[in-house]
Every structure is written in structure tokens, then in C-alpha cells.
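Coordinate analysis (summary)
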Amino acid sequence: MFSIDQYAYSNRLKNIHPGEKVAFALVTLLIALVAPRPLIPAIIIALMAGATIGIAGIPARFYLQLFLVPFSFLVAGVAMIALTITSQPQASLKGVTLLGWTLGFTPAGMHLAGKIFLKSLGAAACLYFLSLTTPIVDILTVLRQLRVPALLVDLISLTYRFIFVLLATVNDIYTAQASRLGYASLRTSYHSLGQLAANLFIKTYRRSQELFTALTARGYHEELQVLEVAYPFSWPFLCLAAIFDLVLVILMLLT
Amino acid sequence: MAALLEAERVSFTYPDGTQALQHVTLSIPEGKKIAVLGPNGAGKSTLFLHFNGILRPQEGCIYFAGARINYSHKALTDLRQQVGIVFQDPDSMLFSASVRQEISFGPLNLGLSREEVGQRVEAAMAATGITGLQDKPTHFLSYGQKKRVAIASVLAMEPRLIIFDEPTAYLDPRSTRDVMALLEDISRQGKAIILSTHDVDIAYTWADYIYVLAGGQVIGAGTPAEIFSDATLLEAAGLARPWLLDVYEDLKNKGWLPATAPVPKNKDDLLGLIPYRSRSKLAI
């Protein structure tokens, strides 16, 4: 997760207008979801991977590792869809029969499973493209411009910022416990972990109070107003993205 | 010099019964450097929260620029523009993952135009030397860098008085030096500064005037020379004497300095006072 965040700030597409990246990722995602044939999501996976690795400069090894996460979920889920259990004999069903029940695959089931598999990976590729090239701060800027309620945007922004503060706190408490043998045995580990959780809750509560005080001191009233970075529109990116999506739509309509 | 901020017999007790302030009376002159010394739990932070209206005194009152603080929404916004607080822990101040956005928060709350805010953010980043960090997310910054961002976020509101709550705590010597140099710059622009610290050497050299707090009360007030020559007061507040004064007195007692040598204000003053060996024989 930290690596995704770091790449979002350091990739070669960072300075592209975040609105363009969000639009590109979401439109392509939509196409992947509505396309009736598996060919379209397959193209999308290839092109998104190309854009993320080739253009944004994300290391291929890291990108593939990232894909293992949805991949393992998908394989398990899709296998269930592909499998058919029935007591009705079907001509196309191939598998093992036991006590009149057959467990096996049908071509239709396989086709459906493949389609869902590719669609899901295509959608994941679109979201990975967005999260690897666009820092959260920029995505929030887009959300504000899209008139998403300020409360929601502020909440996301605070959550994001304080994930890091929270993890640092966990790390500090853990180190302090471990250096006093708090995790030496299973018994003490359970005990220490419980203490850590309780302590974290108290610290988090105190920190939220401190934050509120500090914000009030700077004139906070009910909205976290901030100055947005003005990114210039990138015409080359916009044109490429538009052409790519258009070709996909035409391809989808033709096939 | 006219008083910019005054506290008159301010008392405050927290809901849990801790009596944090008892009849605190003090005055902060315009454009001066004021140090507030005192052990942990002396009530320093509670006092500061009264200075920009976050806490309301249960007894007594606070005056800003001669007028009693008004706790209406509008008046508080004005007050918080004029009185900025840099809290001790930058992580509890910084709410945004973007350095630029963090600094822009205060000035935007003042209702300034976006252009004006942009200029102030640039100026504050330049003054604190963090222009190079503006595109970095706050969570990748070091503690010292976060501290500078926190200072910049207050500077951008252009207050007349800035309160620094233990600004050098946890900082390495270099960052401490940088922060103190920054305070010197801010002071030269005519802003008043309140600094709370446990570092008596910094307080002695830096401050124009010192208040000593203990147990929620002001137990001493005076120039650095007055405060640090009062042994009873230092004992009561649990404060050490600055090494500068110890060395100065020892040199004087042992005859290395003439009895008429002026009390040094900083290290360079003291080194300037110490005569060369050949001439020192004459002094003895």
C-alpha cells in the first residue's frame, strides 16, 4: 500500500491533469464492464498495463505482484462459476457422476467464467492505472470539482492522512513493547496486542482532539478549505485517451 | 511599548478537576520576544489556548490590543488571524497530505482571494525554507521538515503574535538552530513571539522578557538577567541556571574577569569578555 502511494507521487504521469486520468480510467472501466465480448476487456488489460508500465514507468515486477491480489481471489471465485452440479443429464456436461449427480464443466459455464475473469481483471487494471499514477490529494481535488459533498471529501482526506499517523503510532507502540519482550511468547503476545489496541484507541482519540484544537486555532469552520494545485490540461494525453476509448466503443459495437 | 495581549487574573479548571490556571496575570508587549518557562503541567499550553480564544477563562479576562476578547464567531476569526499558535507536535497540526494545501488552509479560512492565498503560501514557504518540499506528501517528511510546514502554515495567516509551544523539542541541534534563526527573522519583522521552552540557555539568550509558571500560577516575571539571578525562583520552578551565567560568575570569582565586566547576553559576549593571557595578569 505504501508502495502504491509512493509510485503515485513519483510516476511519470504525475503532472498530467488528474481530471483527465480519472475520466480516462472511469470511462475505460465502464467500457470493460458493459462490453459483451471478452475481447474488449482483454485489450483493456493489455493497454492499461502498457500505459502503467511503459508510460507511467511503474516497474513491471511490482505491477504484476499487484495483480496477484485480485488474481487469486478471482481464480477461486471464477472456478465456482465454471463448475456445474446437476442431476439432469446434459449432453455438453463433462465431469464425474456420483449417485446420479454430475459435477463438471459446460462450455457455457466456461465461457461465462472466462468473461467474468477478464472483465474483473480489466476493471482492476483501470483502477490500478488510476491509483498508481494519481496521488489521493489530486483525486480529492477532482472530487471537490465534481461537487462531491465537502464533508465526504474532508473525511477521505483526513482518513488518508491519519492512516500514516496511525501506522507510525502502531509501529512505535509495537517497538516499545517488543523491546521489553512483550512478544517473547504466545501468551505475552496476545496480552501485548490487546494492550496495543487499547492504547491505540486512546491515543487516536487524544490526537483527534488535538487536531480539532489545532484546526480551530487556524480558523476552521466546518470545511477544510485548501488551495488546489492547478494542473494544465495535457492535450496529448486527452487525445490519446479519447482515441483509445473511442476505438474500444466502436469495436464493441461492431462485434 | 503598549501591551498587545494581556491576561488579567485568569483562572481555568478542566472538567476532570485539574486546576490548570490560578489568577494568572501577565502582559505581552507588541513586537517583543517573550519566553514562558515552567515545568511540565505548569499550565503553559492551557494559557496559550486562552490567548486565541479556544479556551474561555472561567474567571478573569483576556485583552487583545486593549479590548476585551469577544467570543462571537466573527471576533474569534479575527483574533485567530492575529494570534497564531504553532503546536508542539506537528503531526497533530498537519491534516493534509499536501504541503501546499496544508499551508493554504489558514489563509483561506480568512476569506482571502485564491490569488492572495497563493502568494501568502509562496511567501511562507520561502520564509521557512520549504519551497523545495511543496510537492512532497506530508507523510514522507522528516520531523524537522514537518515542524517547518507547521510554522509556515501559521506564518501564512500573517499574525501579529505567534506562540511557539516548545518549538525545539525533539529537534536535532541543526534544526534547533534553524528554528531559532527563523524565530529571529520573524521577530525582526516586528511580530511579537511567545516561546515556551525548557531550554534555559535558549530562553536566557533569546528572550526580552520571561514569565515563569508553576502550578498554574505566575511565580516570576522579569528580564532574563533578573529571572536567572533569583536562586529561590529557579529552585521553585525546577529550572537550571544557564551555563553562560555559571561560567561568567566562576570566571569573575576566580579573578579572570574584572568585577566590572558586564553580564554577557550570549556566548560571543562572554568570549569577548575573556581577556588574553598576558593582559589577564594585569587584570589580576
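Residues numbered from 1 in each chain as written. Chains lettered and ligands numbered in written order. Predicted model: local features only at pLDDT ≥ 70, side-chain atom pairs only at ≥ 80, totals over all residues. Heavy atoms only, no water.

Along the backbone of chain B there are 13 helices and ten strands. Here the C-alpha atoms of chain B give a radius of gyration of 21 Å, agreeing with the 19 Å that 2.2 N^0.38 yields for 284 residues. For chain B, the residues scored as buried account for 52% of the 284 residues in total. Contacts in chain B between residues far apart in sequence, at least 24 positions, make up 62% of those at least 6 positions apart. When the accessible surface of chain B is split by element, carbon and sulfur atoms take 50% of a total near 12,600 Å². Within chain B, one finds 28 positive and 31 negative side-chain charges whose respective centroids are separated by 4 Å. (Helix = DSSP H or I, 4+ residues; strand = E, 2+ residues; numbered from the N terminus. Rg over C-alpha atoms; globule rule 2.2 N^0.38 Å. Buried < 20%, exposed > 50% of the residue type's maximum accessible area, 1.4 Å probe, protein only. Contact = heavy atoms within 4.5 Å. Areas by Shrake-Rupley, 256 points an atom, 1.4 Å probe, with all protein chains shown as cover. Lys, Arg positive; Asp, Glu negative; His and termini not counted. Charge placed at Lys NZ, Arg CZ, Asp CG, Glu CD.)

Our focus in this paragraph is the domain arrangement of chain A. All names here are of chain A. Looking at the assigned domains, one finds that chain A contains domain 1 (2–134 + 231–254) and domain 2 (142–217). Computed from C-alpha coordinates alone, the two centres of domain 1 and domain 2 are separated by 33 Å. Around 420 Å² of area is buried between domain 1 and domain 2 when both sides are counted, 73% of it from carbon and sulfur atoms. Put simply, domain 1 and domain 2 have zero salt bridges between them. In this assembly, domain 1 and domain 2 are joined by two residue pairs in polar contact (both at pLDDT 80 or more). Only helix H1 (2–10) and helix H2 (18–34) provide two or more residues apiece to the side of domain 1 that touches domain 2. A class-by-class count of the residues in the side of domain 1 that touches domain 2 yields four nonpolar, one polar and one charged. (Domains from an automatic or database assignment. Buried area = accessible area lost by both parts, 1.4 Å probe. Salt bridge = Lys/Arg side-chain N within 4 Å of Asp/Glu carboxyl O. Polar contact = N/O pair within 3.5 Å; in protein donor to acceptor, adjacent residues only side chain to side chain. Nonpolar A, V, L, I, M, F, W, Y, C, P; charged D, E, K, R; others polar.)

Of all hydrophobic cores here, the largest spans 88 residues; its most connected members are Phe 51, Ile 103, Phe 164, Ile 194, Trp 206, Ile 210 and Phe 228 of chain B. Split by domain, this core shows at least three residues from each of two domains, domain 1 (3–98 + 156–240) and domain 2 (242–284) of chain B. Counting 41 residues, the second-largest nonpolar core is a separate cluster that includes Ile 16, Ile 45, Phe 67 and Val 78 of chain A. (Core = buried A, V, L, I, M, F, W, Y, C linked by side-chain atoms within 4.5 Å.)

Another point: helix H7 (residues 173–188) of chain B. Residue and element names in this part refer to chain B. For H7, with 16 residues, the first-to-last C-alpha span of 23 Å sits near the 22 Å given by 1.5 Å per residue. Within the sequence span of H7, burial applies to Ser 175, Thr 176, Val 179, Met 180, Leu 182, Leu 183, Ile 186 and Ser 187. Seen from one end, H7 has its buried residues packed into an arc of 155°, which puts them on one side. Facing away from the buried side of H7 by more than 90 degrees, the exposed set consists of Pro 173, Arg 174, Arg 177 and Arg 188. Contact partners of the buried residues in H7: strand E3 (33–37), helix H5 (114–128), helix H6 (143–155), strand E7 (161–165), strand E8 (192–197) and helix H8 (200–206). Remark: Gly 190 follows H7 within two positions and exhibits a positive phi of approximately 90°. (Expected span 1.5 Å × (residues − 1). Arc of directions from axis to C-beta.)

Residue and element names in this part refer to chain B. As assigned here, chain B comprises domain 1 (3–98 + 156–240) and domain 2 (242–284). Using C-alpha coordinates to define each centre, domain 1 is positioned 33 Å away from domain 2. Between domain 1 and domain 2, the residue contacts involve eight residues of the former and eight residues of the latter. Taking both sides of the interface into account, the surface hidden between domain 1 and domain 2 amounts to around 650 Å²; carbon and sulfur atoms contribute 61%. Summed over the three residues of domain 1 that lose the most area to domain 2, namely Asp 201, Tyr 204 and Thr 205, the buried surface amounts to 74% of that side. At the boundary of domain 1 with domain 2, the tally comes to five residue pairs in polar contact (both at pLDDT 80 or more). For the side of domain 1 that touches domain 2, the secondary structure elements donating two or more residues are H8 and helix H9 (224–228). Looking at side-chain class alone, the side of domain 1 that touches domain 2 contains six nonpolar, one polar and one charged residues.

The UniProt record marks residues 22–50, 62–83, 120–143, 150–170 and 233–254 of chain A with the feature "transmembrane region" (unreviewed entry), using the residue numbering of this structure. Here residues 62–83 of chain A runs as 95% helix and 5% strand, with 32 Å between its end C-alpha atoms. (UniProt positions renumbered as here; feature names shortened; annotations may be inferred.)

What follows deals with the interface of chain B and chain A. Between chain B and chain A, the residue contacts involve 35 residues of the former and 30 residues of the latter. Together, the buried faces of chain B and chain A total about 3,100 Å²; carbon and sulfur atoms form 60% of this surface. Taken as a group, Phe 95, Gln 101 and Phe 105 of chain B account for 23% of the area that chain B buries against chain A, more than any other trio of residues on that side. For the interface between chain B and chain A, the tally reads three salt bridges. A salt bridge links Arg 161 of chain A to Asp 91 of chain B; its shortest N-O distance comes to 2.8 Å. Among the secondary structure elements, those contributing two or more residues to the side of chain B that touches chain A are helix H2 (73–82), helix H3 (90–93), helix H4 (99–109) and H5 of chain B. No other element matches H4 of chain B, which puts eight residues into the side of chain B that touches chain A. Among the residues forming the side of chain B that touches chain A, the class breakdown is 14 nonpolar, 14 polar and seven charged.

Turning to the layout of surface pockets, a few remarks are in order. Approximately 1,600 Å³ is the volume found for the largest pocket. Elements with a contribution of two residues or more to the lining of the largest pocket: helix H7 (150–178) and helix H8 (186–217) of chain A together with helix H1 (44–51) and H3 of chain B. The biggest single contributor to the lining of the largest pocket is H8 of chain A, with 13 residues. Of the residues in the lining of the largest pocket, the class split is 21 nonpolar, 13 polar and eleven charged. (1 Å grid on protein atoms, 1.4 Å probe; cavity = no way out; pocket = protein on both sides within 12 Å on 5 of 7 lines; lining within 4 Å. Points joined across faces, edges and corners; volume = space filled by probe spheres on them.)

Residues and elements named next belong to chain B. In this structure, Gly 132 sits in the loop between H5 and H6. Under the relative-accessibility criterion, Gly 132 is labelled exposed at 74%. For Gly 132 and Tyr 63, which are 69 residues apart along the polypeptide, the C-alpha to C-alpha distance reads 39 Å.

Moving on: the packing of aromatic side chains. Two numbers describe a pair of aromatic rings. These are the distance of the centres and the angle of the planes. All names here are of chain A. Evaluation of the coordinates by the stated rule reveals 19 aromatic pairs over all chains. Each ring, one from Tyr 7 and one from Phe 62, has its centre 4.8 Å from the other, and the planes form 50°; the classification is tilted. You can see Tyr 7 sitting in helix H1 and its partner Phe 62 sitting in helix H4 (residues 60–82), a full 55 residues away along the chain. Judged by centre distance (5.3 Å) and plane angle (90°), the rings of Tyr 160 and Phe 164 are edge-to-face. Taken together, the residues span about one helical turn, with Tyr 160 and Phe 164 both in helix H7 at a distance of four residues. Phe 164 shares its class with Tyr 160; the two are buried. Through a chain of ring-to-ring contacts, three or more aromatic side chains come together here, namely Phe 24, Phe 129, Phe 237 and Phe 244. (Phe/Tyr/Trp six-rings, centres within 6.5 Å; stacked < 30°, edge-to-face > 60°.)

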